[in-house]
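Each chain is listed here by its residues.
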Amino acid sequence: MAEAYPAYEGRPRRRGRKVLTGFVVLLLVLAGLLVVADRVAAGVAERAIADQVRQEVAKQDMQSAPPQVDVGGFPFLTQVLAGKYDRISIVLTDVKGSVQGDAVSVPRLDVDAHNVRASLDTLRSGRGDVVAESVDGRATVSYDSLAKLLNRPGLTLGERDGKLLVTAPADILGTKLTVTGTADVAVAKGKVGLRFNDLTAEGLPNLPLARRMLANYANSISVNVPLPELPFQLTVRKAEPKPGGLLFTADAKDVPINAAG
């Protein structure tokens, strides 16, 4: 005859499973609360950094829409305790600056600050330094702003096949013509060099003098245009024509991204 086991022996096993399930649920709830607390703390820091970035922009006589700040890296609270943040991304839009008294429009400036040092007291009080080991920036200068700096009435700039395109009225040998062509773009010592070449003008008289005058016009608009001073000590390294404007790539080292208080 098979040996019968008492029914009550299975109860402790079921009770143990219930305890284990409850413990797992408790851990999940605690983990969720920690994630929420982490993101709330990150939001507070982002607002504090945005305030300091706003001060830095104003200090350089520039204007922009309210900065958008995103603190990267997880968990955030461990970065707070260490006083060092992996990455802080800053977006400035509708940036307005000036070059030699002329207004320059920068529709968008994206900045990524890496290995940022900021103590908890600095973020809490707004006083002290927030310093980035390195900063990368990308800014687009509108073609309208760039054309104004060339000071040639009627001249317009744009992009075609990755090249800077120019269209401008010109008077050659008493004939009003529309000149078109492209330019090579280079950056050096805080200025962008525009070198226009391959200019053409429909209806240009087939005369050596007319061709020489067209070449002279190309030389007259081939200039070094000073750039507006960018925030965060960014130095422009490269310029590329894009459909929305001239895209500048910049970088800097050991940069204070706040106005120290």
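For the structure, check the block above.
Remember, it's a predicted structure, so these values are computed and weren't measured experimentally.

**Some remarks on the overall build of the protein chain**
In terms of regular secondary structure, the protein chain is built from five helices and eleven strands. Going through the 261 residues of the protein chain one by one, you find that 40% of them count as buried. A separation of at least 24 residues holds for 57% of the contacts in the protein chain among residues at least 6 apart in sequence. Carbon together with sulfur atoms contributes 55% to the accessible area of the protein chain, which is approximately 15,100 Å² in total.

**Things to note about unusual backbone geometry**
For Leu173, which is not glycine, the phi dihedral falls at a positive 55 degrees. Locating Leu173 in the fold gives a position in the loop between strand E6 (163-172) and strand E7 (175-188). Positive phi, normally seen in glycine, also occurs at Asp254, with a value near 50 degrees. Within the secondary structure, Asp254 is located in strand E11 (residues 245-256).

**Side note on the pairing of E6**
Here strand E5 (residues 156-160) runs beside E6; their pairing, made up of five bridges, is antiparallel. Bridged to Arg160 within E6 is Lys163. Connecting the antiparallel pair E5 and E6 is a turn made up of two residues, with Asp161 showing a positive phi of about 55 degrees. Taken together, the nine bridges between E6 and E7 define a ladder with antiparallel strand orientation. Bridging across to E7, Ile172 finds its partner in Thr175. Here E6 hands over to E7 after two residues, with Leu173 in that stretch at a positive phi of 55 degrees.

**Here's the deal with empty space enclosed by the protein**
A full pass over the atoms with the stated rule returns two cavities of 30 Å³ or more. Its boundaries defined by the atoms lining it, the largest cavity holds a volume of some 50 Å³. Along its surface, the largest cavity is lined by Val106, Ala139, Val141, Leu227, Pro228, Leu230, Val236 and Phe248. Considering only residue class, the lining of the largest cavity consists of eight nonpolar, no polar and no charged. Of the voids in this model, the second largest cavity is the one considered here, and its volume is about 40 Å³. Lining of the second largest cavity is provided by Val104, Val141, Leu146, Leu149, Val225, Pro226, Leu227, Pro228 and Phe248. Put simply, the parts of the chain that give the lining of the second largest cavity at least two residues each are helix H4 (143-150) and strand E9 (224-226).

The rules behind these values
- Residues numbered from 1 in each chain as written.
- Predicted model: local features only at pLDDT ≥ 70, side-chain atom pairs only at ≥ 80, totals over all residues.
- Heavy atoms only, no water.
- Helix = DSSP H or I, 4+ residues; strand = E, 2+ residues; numbered from the N terminus.
- Buried < 20%, exposed > 50% of the residue type's maximum accessible area, 1.4 Å probe, protein only.
- Contact = heavy atoms within 4.5 Å.
- Areas by Shrake-Rupley, 256 points an atom, 1.4 Å probe, with all protein chains shown as cover.
- Pairing = 2+ DSSP bridges.
- 1 Å grid on protein atoms, 1.4 Å probe; cavity = no way out; pocket = protein on both sides within 12 Å on 5 of 7 lines; lining within 4 Å.
- Points joined across faces, edges and corners; volume = space filled by probe spheres on them.
- Nonpolar A, V, L, I, M, F, W, Y, C, P; charged D, E, K, R; others polar.

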